[in-house]
Amino acid sequence: MELPQAIEHNGKAPGAILFMCGLNAIRSPMAEAIARSMLPQGTYIASAGVRAGERNPFVDVVLDEIGLSLGRRQPQTMEELEDDFFDIIITLSPEAHHAALELTRAKAVEVIYWPTIDPSATDGTREQVLDAYREVRDHLLGLIENRLVEHRGSL
């Protein structure tokens, strides 16, 4: 089976990546933590939301299950980012995708959309809710591994 095409920027791996979602509380910080653990140390990785959100404890639980942590990181908006130069912006929600396209109209930044469900809409037992968060985590892990991590050799 052929692997999805790795994301490249000007023929090389991107040096600065921003993950964006609506509130920077679930999907984008999860993607940021996963990408930091898988990409080369020199890659600048950040995440932000269209609006300010609140940290979600279920994210901490499902990241901890795979040995990752957000540390003291709190949700932030685009305006709160220390740096706003990115090679690629990966959006995880329709709202974030539209905002990123609007923000980058006059910039040479590639915007890529990875549709990702919002697990906070899940009802049920704690375990059912956690399963929804695990699905999002695993979805993002697969996308990052298959599209951002450089593959050498064949499987």
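Quick note: structure is the one above.
Residues numbered from 1 in each chain as written. Predicted model: local features only at pLDDT ≥ 70, side-chain atom pairs only at ≥ 80, totals over all residues. Heavy atoms only, no water.

With that out of the way, let us pick up the pairing of strand E1 (residues 16-21). The element E1 is extensively covered by neighbouring structure, given that six of its six residues are classed as buried. Neither face of E1 is left uncovered, since the one carrying Ala16, Leu18 and Met20 and the one carrying Ile17, Phe19 and Cys21 both have all their residues buried. Sheet analysis places E1 next to strand E2 (residues 44-49), joined by six bridges and oriented parallel. Across the sheet, the residue bridging to Leu18 is Ala46, located in E2. Chirality of the crossover, the property in question, places the unit of E1, helix H1 (residues 27-38) and E2 among those that are right-handed. Alignment of E1 against strand E3 (residues 88-91), held across four bridges, turns out to be parallel. Paired with Phe19 across the two strands is Ile90, which belongs to E3. (Buried < 20%, exposed > 50% of the residue type's maximum accessible area, 1.4 Å probe, protein only. Helix = DSSP H or I, 4+ residues; strand = E, 2+ residues; numbered from the N terminus. Pairing = 2+ DSSP bridges. Right-handed = clockwise from strand over helix to strand, strands pointing away.)

Bringing H1 into the picture now. Here H1 contains twelve residues, and its C-alpha end-to-end distance of 17 Å stays within 8% of the 16 Å for a straight helix at 1.5 Å per residue. Within H1, nine of the twelve residues are buried, which leaves it mostly tucked inside the rest of the structure. Within H1, the full set of buried residues consists of Arg27, Ser28, Pro29, Met30, Ala31, Glu32, Ala33, Ile34 and Ala35. Buried residues along H1 sit against E1, E2, helix H2 (57-64) and helix H4 (126-147). (Expected span 1.5 Å × (residues − 1). Contact = heavy atoms within 4.5 Å.)

Ranked by internal contacts, the top residues of the largest apolar core, which has 31 residues, are Phe19, Met30, Leu63, Ile90, Trp114, Ile144 and Leu148. Those elements that provide at least two residues to this core are E1, H1, H2, E3 and H4. If you tally residues by element for this core, the top one is H4, at seven residues. The residues contacting Leu63, other than those within four sequence positions of it, are Met30, Ala33, Ile34, Leu68 and Leu70. By size, the runner-up hydrophobic cluster in this structure holds 14 residues, among which are Ala16, Ala99, Ala100 and Val111. (Core = buried A, V, L, I, M, F, W, Y, C linked by side-chain atoms within 4.5 Å.)

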